[in-house]
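As a plain string of letters, each chain reads:
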Amino acid sequence: MRKGHFVCCNIRIKNNIFEFYCLCARILLKGGAKMSKVAVRYNNDMNTIPFRNFTATELDLFFTICANIKEKGTDVLTFDFDKLRELSNYEPTSLKRFADDLDKTYKKLIELNIRLDYENGDFERFALFNRYRVSMKNKTIEIQVNELFKYLLNDLNIGNFTRFELAEFTELSSTYSKAIYRLIKQWKTVGKWEVDIDEFRRLLDVPESYKMGDIDKRILNPALKDLSPYFNNLKVKKLDRN
């Protein structure tokens, strides 16, 4: 097993606040030397978007695309199926199924209906991509980033972006674990992520019917198991504010 950089996270939960504490420990990366070193890197604003109803496969495809279009502006980019399948750890062999999954991913991206707010109170909504063309004949996909979305993947300065290994992300099977993984990566240098329960529910798209016991059973406990190979000594502690 190959050693990575230093980070770990303790998750503490208060009455209505989740506090994620990142302490010094060592990440162990699965897969040894054969792991891809392709990195996903984007503006932290991306982490405020709840990817509602996305499957794990669709998230893998989207962030694989993000990893390959970062710092490319709004140019029309072409990627072949084989590259995307390999990088996204896509297992089914059917080309039609792969194309269908690309289509489903884009449909859900459109449904996100991203909102951009301005300081003067104005706002506008937009789709992430202007072009998203899948060619079954050429086995390629053409993508062009919307001008308004460009800042999320370009001109990334120190302190305003999230970075993680694509291979780690695609090995996680739970959409909740994927979301927590991304947020821990954002806040690892600060050492603490504090979020109230309502925002936690929004970011992870937690069903309204879930009570705290359901969150423990269906989200936090499985996430601890999923993320333990990457974050040593990952724990959840419940604290009372009083």
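Values in this document were obtained by computation on a predicted structure and should not be read as measured data.

Draft legend 1. Fine view of the overall build of the protein. Regarding its fold elements, the protein presents 7 helices and 11 strands. Sorting the 242 residues of the protein into buried and exposed places 48% on the buried side. The long-range share in the protein, meaning contacts at least 24 apart out of those at least 6 apart in sequence, stands at 66%. Taken as a whole, the protein presents about 12,800 Å² of accessible surface, with 46% of it coming from carbon and sulfur.

Draft legend 2. Representation of the pattern of salt bridges. For the coordinates displayed, the defined rule picks out 11 salt bridges. Close ionic contact of D103 with K107 constitutes a salt bridge, the shortest N to O distance being 3.6 Å. With D103 and K107 both in helix α3 (residues 95-112), this residue pair falls 4 residues apart, about one helical turn. The class for D103 is partly exposed, based on a relative accessible area of 35%. Residues E147 and K150 are paired through a salt bridge, measuring 3.1 Å at the closest nitrogen-oxygen approach. Taking relative accessible area as the criterion, K150 reaches 25% and is therefore assigned partly exposed.

Draft legend 3. Summary view of the packing of helix α1 (residues 56-69) against α3. Contact geometry for α1 and α3: axes closest at 9 Å, N-to-C directions at 80 degrees. When the axis of α1 is compared with that of α3, the two are roughly perpendicular. Across the interface between the two elements, T57, E58, L61 and F62 from α1 touch F98, D101, L102, K104, T105, K108 and L109 from α3. Classifying every residue of the contact of α1 with α3 by side-chain character gives 5 nonpolar, 2 polar and 4 charged.

Draft legend 4. Here's a closer look at the packing of aromatic side chains. Counting across every chain of the model gives 17 aromatic pairs. Ring centres 6.2 Å apart and planes at 70 degrees place the aromatic pair Y181 and Y230 in the edge-to-face group. One end of the pair, Y181, is in helix α5 (residues 175-187); the other, Y230, is in the loop between α7 (212-227) and β11 (235-238), and 49 residues separate them in sequence. On the accessibility criterion, Y181 (0% relative accessible area) is buried. Here the aromatic cluster, defined as three or more aromatic residues joined through ring pairs, consists of Y42, F51, F54, F62, F63, F164, F169, Y181 and Y230. The ring of F161 is capped by R41, whose NZ or CZ atom sits 4.0 Å from the centre of that ring. Its end group placed over the ring of F169, K178 keeps NZ or CZ at 4.2 Å from the ring centre.

Draft legend 5. The environment of I65, seen in detail. With respect to the helices and strands, the residue I65 is situated in helix α1. A residue is classified by how much of its surface remains accessible, and I65, at 1% relative accessible area, is buried. Once the C-alpha coordinates of I65 and F79 are considered, the two residues, 14 residues apart in sequence, prove to be 8.9 Å apart. Among residues more than four places away in sequence, those in contact with I65 are L84, F129, Y132 and I143.

Draft legend 6. Inspection of the sheet that holds strand β4 (residues 77-80) at higher detail. Ordered in space as β4-β8-β7, the 3 strands form an open sheet in which the pairing is antiparallel. Two strands in the sheet have a free side with no partner beyond their single neighbour: β4 and β7 (129-135). Across the sheet, the axes of successive neighbouring strands diverge by a mean angle of 15 degrees, strand direction being ignored. Strand direction decides the pairing type here: β7 and strand β8 (residues 140-145), joined by 6 bridges, are antiparallel.

Draft legend 7. Just the packing of α1 against α5, in detail. Interaxial distance between α1 and α5 falls to 9 Å at its minimum, and their mutual angle equals 35 degrees. Packed against α1, whose contacting residues are A56, L59, D60 and F63, the element α5 presents T175, K178 and R182 at the interface. Looking at the contact of α1 with α5 residue by residue, the classes come out as 3 nonpolar, 1 polar and 3 charged.

Cut-offs and rules
Residues numbered from 1 in each chain as written. Predicted model: local features only at pLDDT ≥ 70, side-chain atom pairs only at ≥ 80, totals over all residues. Heavy atoms only, no water. Helix = DSSP H or I, 4+ residues; strand = E, 2+ residues; numbered from the N terminus. Buried < 20%, exposed > 50% of the residue type's maximum accessible area, 1.4 Å probe, protein only. Contact = heavy atoms within 4.5 Å. Areas by Shrake-Rupley, 256 points an atom, 1.4 Å probe, with all protein chains shown as cover. Salt bridge = Lys/Arg side-chain N within 4 Å of Asp/Glu carboxyl O. Axes fitted to C-alpha atoms, helices over the stretch in contact; angles between N-to-C directions. Parallel < 35°, antiparallel > 145°, perpendicular 65-115°, else oblique. Nonpolar A, V, L, I, M, F, W, Y, C, P; charged D, E, K, R; others polar. Phe/Tyr/Trp six-rings, centres within 6.5 Å; stacked < 30°, edge-to-face > 60°. Lys NZ or Arg CZ within 6 Å of the ring centre and 35° of its normal. Pairing = 2+ DSSP bridges.

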